[in-house]
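# Architecture at a glance
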Amino acid sequence: MHVDQTEKKWLYISLFVTAVMIGVLTLFAVGSNIHPPSNVETINSDTLHLEGSEFAEDNLGVKKMPDGSYEVRMVAARYGFYPQKIKVPANTPVKFRFASADVLHGIHVPFTNLSTMVVPGYVSEVNTEFPKESVDTPMFCNEYCGLGHDHMWSKLTVVAKEAK
Amino acid sequence: MQKVTSEEEEKILHGKPVGTFALLLAFMALFVGGWLYMYFFMFLEHGPVS
């Protein structure tokens, strides 16, 4: 098959651009474990609130783990995230675990890499660190979940590592 | 508009498309540079995620 020289150059450049992107993404995914969050873990949304459940009211919020990292458990339910205010330290690994009590929700914190869908029946898990301190950054629902969707948010405060 | 002479037409039709190559390289540099800037200075600056 004859391919014109100019078209070949376009082809080589497109392949080069694609190779650069895939190479950088693969390098950081394999080398630094940076990739889109993924977790397949099922949970019964009907019993989230019951005693003994990981997402019962007493178990929600921020918890310091023995290794110095933090774990945050939150429930998304029309129309809010619970607890509604959380505080975590900067430059410290934080594992977020979200569960939905009703319909499909999403969570997005602007100017951070914390963003995921919260699918009913599944636990969404995101591991991240916040490099900068911030006060009352909104955590928005970014999946349309009903008439009150645009009022659905909670607040995240990132404090200095020593202050927590 | 000035008419193209037959010599000029010949040169255009059979010469190397230097302008196209320059455009190609400029596009590649801008596209790759922009993508790398966003990845390293916007995405990674917001902290690791997995």
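Residues numbered from 1 in each chain as written. Chains lettered and ligands numbered in written order. Predicted model: local features only at pLDDT ≥ 70, side-chain atom pairs only at ≥ 80, totals over all residues.

### Digging into the overall build of chain B
For chain B, the count of helices and strands is two helices and zero strands. Relative to its length of 50 residues, chain B is extended, with a C-alpha radius of gyration of 21 Å against a globular reference of 10 Å. If you line up chain B on its principal axes, its C-alpha atoms span 60 × 20 × 10 Å. Looking at the 50 residues of chain B, the share that counts as buried comes to 4%. (Helix = DSSP H or I, 4+ residues; strand = E, 2+ residues; numbered from the N terminus. Rg over C-alpha atoms; globule rule 2.2 N^0.38 Å. Buried ≥ 20, exposed ≤ 12 C-beta atoms within 10 Å, placed from the backbone.)

### Quick word on the overall build of chain A
Each helix and strand in chain A was counted, giving one helix and ten strands. Its helices and strands taken in sequence order, chain A reads α-β-β-β-β-β-β-β-β-β-β from the N to the C terminus. Since a compact globule built from 164 residues should have a radius of gyration of about 15 Å, the 20 Å found for chain A marks it as more spread out than a globular shape. Dimensions of chain A, computed from the C-alpha atoms along their principal axes, are close to 70 × 40 × 30 Å. When the 164 residues of chain A are sorted by exposure, 24% land in the buried category. For chain A, the proportion of contacts with a sequence separation of at least 24, taken over those separated by at least 6, is 59%. (Contact = placed C-beta atoms within 7 Å.)

### What to know about the interface of chain A and chain B
Contact with chain A, which involves 22 residues of that partner, is made by 16 residues of chain B. When contributions to the side of chain A that touches chain B are tallied by element, the ones reaching two or more residues are helix H1 (5-32) and strand S8 (123-128) of chain A. Examining the composition of the side of chain A that touches chain B, we find that nine residues originate from one element, H1 of chain A, more than from any other. Its residues assigned to classes, the side of chain A that touches chain B comprises twelve nonpolar, eight polar and two charged. (Nonpolar A, V, L, I, M, F, W, Y, C, P; charged D, E, K, R; others polar.)

### Examining H1 of chain A
Residues and elements named next belong to chain A. The terminal C-alpha atoms of H1, which comprises 28 residues, lie 40 Å apart, in line with the 40 Å expected from a rise of 1.5 Å per residue. Burial within H1 is sparse, with just zero of its 28 residues counted as buried. Looking one or two residues beyond H1, the residue adopting positive phi is Asn33, at roughly 55°. (Expected span 1.5 Å × (residues − 1).)

### A closer look at unusual backbone geometry
Residues and elements named next belong to chain A. Between Arg78 and the following residue, Tyr79, the backbone shows a cis peptide bond with an omega angle of 0°. Looking at where Tyr79 falls in the secondary structure, it is placed in the loop between strand S2 (70-77) and strand S3 (80-82). Looking along the chain, the bond that leaves Tyr82 and enters Pro83 is cis, with omega of 5°. With respect to the element layout, Pro83 can be found in the loop between S3 and strand S4 (85-89).

### Focus: the confidence of the model for chain B
Confidence in the prediction for chain B averages 88 pLDDT; 98% of positions are at 70 or higher. Overall fold confidence (pTM) sits at 0.83, and the ipTM for the predicted complex is 0.78. (pLDDT = per-residue confidence, 0-100.)

### Considering the nonpolar core
Residues and elements named next belong to chain A. Of all hydrophobic cores here, the largest spans 29 residues; its most connected members are Met74, Val75, Ala76 and Ile107. Of all the elements in the fold, those that place two or more residues in this core are S2, S4, strand S5 (94-100) and strand S10 (153-159). Ignoring sequence-local partners within four residues, the contact set of Met74 consists of Leu60, Phe81, Tyr82, Pro83, Phe96 and Phe98. (Core = buried A, V, L, I, M, F, W, Y, C linked by C-beta atoms within 7 Å.)

### Examining the environment of Asn142 of chain A
Residues and elements named next belong to chain A. Here Asn142 is to be found in the loop between strand S9 (134-140) and S10. Residue Asn142 is classed as partly exposed on the basis of its 18 C-beta neighbours within 10 Å. Expressed as a C-alpha distance, the spacing of Asn142 and His108, which sit 34 residues apart in the sequence, is 6.3 Å. Discounting chain neighbours no more than four positions away, the residues touching Asn142 are Gly106, Ile107 and His108.

### Focus on the pairing of S10 of chain A
On any regular strand, side chains alternate: one points to one face of the sheet, the next to the other face. Residue and element names in this part refer to chain A. Side chains Ser154, Leu156 and Val158 of S10 all project onto a buried face; the interleaved residues Trp153, Lys155, Thr157 and Val159 project onto a face where none is buried. Pairing geometry for S4 and S10, over five bridges, is parallel. Pairing of Ile86 across the sheet is with Leu156, part of S10. Two elements, S9 and S10, share five bridges in a ladder whose sense is antiparallel. Each bridged residue has a counterpart across the sheet, and for Phe140 the counterpart in S10 is Trp153. (Pairing = 2+ DSSP bridges.)

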